[in-house]
Amino acid sequence: MKDLLTNRFIALFCVLSLFCWPAFAQFENMVNQTHAQRYTAIRKFIVQHVMKFDTIESFKSIQKLHEVAVKAKDEDLVLESNLLVMLLKAQIKKENPRRLIRGTRTVLRKAEKANNLQIQIRARMMLRGFYWYETKNYELAFEQYLKIYPLLKKVTAEDFPEKAYTLTQMAEAYYFFADFKNAIRYSREALAAEVIEDHRGVHNTARNTIGLSHIKLGRLDSADVYFQWIMDNVGINDYDVWKGIAQGDLGLTAYLRGDYQKALPLLQSNVDQALIFGDHSQAARSLTLLSDIYFKTDRIEDAEKTMLQARENVRRSGLLKPLEQLYQVFAKVYATRGDIKLTSTYLDSANQIKDQLANEFNSIQMLRATEKSQLQSHRAAMQRVAAEKQIKTLERNILLILMVLLVVVLFYFYKTHYYQAREKQRVINDQLIKAEQELTFAAIQLEEFTRSISEKNLLVEELSAKYGINVSDETRIELQKSTILTDEQWEYFRALFEKIHAGYLHRLREKLPGLTPAETRFMALSKLNLTYKEMASTLGISVQSVRVIRHRIRKKLNIPEEADLHDVVDTI
């Protein structure tokens, strides 16, 4: 099985990698078509260029394909050409495997970005081949299978003709590592996928893997069902090959049951077909079984002849595994001839080969387990780095959020304070404007009040001078009433006065607490620069009474006669 996988590595890319016609004009016919539409035509390019090892011409053809794809803006075809470059470099076998892996991963990333599923699958299959055959990193190879499988679930066999073939490759890989249940599982899924005419043999591969897995699990009858199914699958191009393989497998199950009569013709047919197609590993296996059957049926000469043929085919195949059973047959034959030395030698050789194969398989298993452990450790380290990075990112984001929140809060308080201050200033301004308006109005009213008093006094004097004592007392009294300041008028006057000379009357009471109401009014009227006559008319008293009030004030304040009372009035 290992040899089968190795021999099919190149064939894998031939099936999975679809590219272009050898001529430039043929490239144009491939533009803007689906993967399935290009499939049959593109396969010819692999045979004509990639498998010919003419690297210069091959790279030129790929470059032409790439130019046509770019010119037509066919991204799918561009990726096809990129993948072909990696396949060609792998064919040259001079490229460093790690560089091949990096280059293929680059194509894979482009395919993932373009959401191109078929390129993703094929690129990962190519990576699987590099890991399996070049670097011997089986765990990474299986990792590719695990990532390929979900992609296969998203595509149909109609859109991706290689679906069944890819599943059989996965099944054979699990069979190689003795995971027979998964080998059966993926092979059955391969059988469920439709195949094009050229791929009909793929289903036989799946049936063969299932049958061999059943043999390993001890289910010989189930194995025969699938081997017979291969025999019945006539009409495919390589039917003779598969018929020979199926006959060899049916001969194996018959041998394991001890039904040697049935096994002999089947195994001989397998040998004949294998030799025709040059499959020496198949021929060696069946010849070994035939020699053992001949020995068990006492046909010693036939057994000896057949085992020598088997050894020659083993030599040509280069495989070691058939020798384990073959040397046991040699030991049996020489034991019957009484050659104890050769018997012992071949038994020792058989055991050595058995131990060697077991050690090799265990080494591969151990290598895979080590790779798995290393991969898990690497992933754990990557996860730790990612977690630390995520924590740092989270801390940074939290810090940024806090800073933003702080700026928002500060801005909020600033705007709130700004609007409050502006509103407060507006209220103050409104109050000032209102106060100024009230002050102006009060000044006008007070001025009008004093002017009215003066006009009325003048009118009384004019009437007195014109009519003298003949003026009727009633008229004189009425005029005087119109100029006398009543209590109600005084309150109105005082309100206006306070607006113009704010706090004056309050300061007057504090500095001169002993003043009478009449003296207080005198001081207020003096502040307005009214004459004694105007004061007398306003207060409803005579001019002499005004002078008396002034005298009392001078006396209370100890103001000399030569001093001006208005100076005192202005200082309050």
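Asker: Could you clarify how one ought to interpret the overall build of the chain in this entry?
Answerer: Within the chain, the secondary structure is distributed over 25 helices and 0 strands. Per-residue burial over the chain gives 43% buried out of 572 residues. Taking as baseline every contact in the chain between residues at least 6 positions apart, the subset at least 24 positions apart corresponds to 63%. Working note: accessible area of the chain is about 31,600 Å², and carbon and sulfur atoms make up 55% of it.

Asker: Whenever I open this one, the pattern of salt bridges confuses me. Can you help?
Answerer: Proximity of charged atoms lets side chains of opposite charge pair with each other. Applying the stated rule across the entire model yields 20 salt bridges. The partner of Asp-76 in a salt bridge is Arg-38, with the nearest N and O atoms 2.1 Å apart. One end of the pair, Asp-76, is in helix α5 (residues 75–92); the other, Arg-38, is in helix α3 (residues 35–48), with 38 residues separating them in the sequence. A single burial state applies to Asp-76 and to Arg-38, both of which are buried. With its nearest N and O atoms 2.8 Å apart, the salt bridge here joins Asp-221 to Arg-257. Of this pair, Asp-221 sits in helix α12 (residues 220–232) while Arg-257 sits in helix α13 (residues 239–257), and the two are 36 residues apart along the sequence. Residue Arg-257 is classed as partly exposed on the basis of its relative accessible area, which comes to 37%. When salt bridges with common partners are traced through the structure, they connect Arg-38, Asp-74 and Asp-76 into a single cluster.

Asker: Is there a simple way to explain the nonpolar core in this structure?
Answerer: Soluble globular proteins tend to pack their nonpolar side chains together in the buried interior. If you look at the biggest cluster of nonpolar residues, it comprises 96 residues, and the most contacted ones within it are Ile-121 and Trp-132. Per-element accounting of this core gives the leading share, 11 residues, to helix α7 (residues 117–134). Excluding anything up to four places from it in sequence, Ile-121 contacts Ile-148, Leu-151, Leu-152, Val-155, Phe-160 and Thr-166. Listed in part, the 24 residues of the second largest apolar core include Leu-539, Ile-553, Ile-559 and Val-569.

Asker: Any chance you could explain the side chain of Ser-213 here in plain terms?
Answerer: By the secondary structure assignment, Ser-213 is in helix α11 (residues 200–216). On the basis of relative accessibility, which here comes to 0%, the residue Ser-213 falls in the buried class. With sequence-adjacent residues up to four places away left out, Ser-213 is seen in contact with Tyr-175, Phe-180, Ala-183 and Ile-184.

Asker: Would you mind going over the packing of aromatic side chains with me for this structure?
Answerer: The tally for this structure, following the rule as stated, stands at 18 aromatic pairs. Arranged with centres 5.1 Å apart and planes meeting at 85°, the rings of Trp-132 and Tyr-138 form a pair that is edge-to-face. Taken individually, Trp-132 and Tyr-138 each receive the classification buried, so the pair is uniform in this respect. Relative to Phe-142, the ring of Trp-132 has its centre 5.8 Å away and its plane inclined at 45°; by these criteria the two rings are tilted. One end of the pair, Trp-132, is in helix α7; the other, Phe-142, is in helix α8 (residues 138–154), and 10 residues separate them in sequence. For the residue pair Trp-132 and Phe-142, the accessibility class agrees, reading buried in each case. Among the aromatic residues, those joined into a cluster by ring pairs are Trp-132, Tyr-138, Phe-142, Tyr-145, Tyr-149, Tyr-174, Phe-176, Phe-177 and Tyr-186. Sitting over the ring of Trp-229, Arg-207 keeps its end group 4.3 Å from the ring centre.

Asker: Would you take a moment to explain the environment of Arg-122 for this structure?
Answerer: By the secondary structure assignment, Arg-122 is in helix α7. The spacing of Arg-122 and Glu-80 is 42 residues in sequence and 9.9 Å in space, taken between C-alpha atoms.

Asker: Looking at this model, I keep getting lost on the side chain of Arg-554. Mind explaining?
Answerer: Tracing the sequence through the fold places Arg-554 in helix α24 (residues 543–557). A relative accessible area of 7% places Arg-554 in the buried class. When neighbours within four sequence positions are excluded, Arg-554 is seen to be in contact with Ile-559, Pro-560, Glu-561, Ala-563, Asp-564 and Leu-565.

Asker: Sorry if this is basic, but what is going on with the packing of helix α23 (residues 532–539) against α24 here?
Answerer: When two helices pack together, their arrangement is given by the angle between their axes and by how far apart the axes lie. Two elements in contact, α23 and α24, have axes separated by 8 Å at closest approach and are oriented at 100°. As summarised for this structure, α23 and α24 are arranged roughly perpendicular, according to the angle between their axes. Seen from α23, the contacting residues are Tyr-532, Lys-533, Met-535 and Ala-536; seen from α24, they are Val-543, Val-546, Arg-547 and Arg-550. Looking at the contact of α23 with α24 residue by residue, the class counts come to 5 nonpolar, no polar and 3 charged.

Reading the values: rules and limits
Residues numbered from 1 in each chain as written. Predicted model: local features only at pLDDT ≥ 70, side-chain atom pairs only at ≥ 80, totals over all residues. Heavy atoms only, no water. Helix = DSSP H or I, 4+ residues; strand = E, 2+ residues; numbered from the N terminus. Buried < 20%, exposed > 50% of the residue type's maximum accessible area, 1.4 Å probe, protein only. Contact = heavy atoms within 4.5 Å. Areas by Shrake-Rupley, 256 points an atom, 1.4 Å probe, with all protein chains shown as cover. Salt bridge = Lys/Arg side-chain N within 4 Å of Asp/Glu carboxyl O. Core = buried A, V, L, I, M, F, W, Y, C linked by side-chain atoms within 4.5 Å. Phe/Tyr/Trp six-rings, centres within 6.5 Å; stacked < 30°, edge-to-face > 60°. Lys NZ or Arg CZ within 6 Å of the ring centre and 35° of its normal. Axes fitted to C-alpha atoms, helices over the stretch in contact; angles between N-to-C directions. Parallel < 35°, antiparallel > 145°, perpendicular 65-115°, else oblique. Nonpolar A, V, L, I, M, F, W, Y, C, P; charged D, E, K, R; others polar.

Geometric descriptors of this kind do not, in isolation, establish any biological role.
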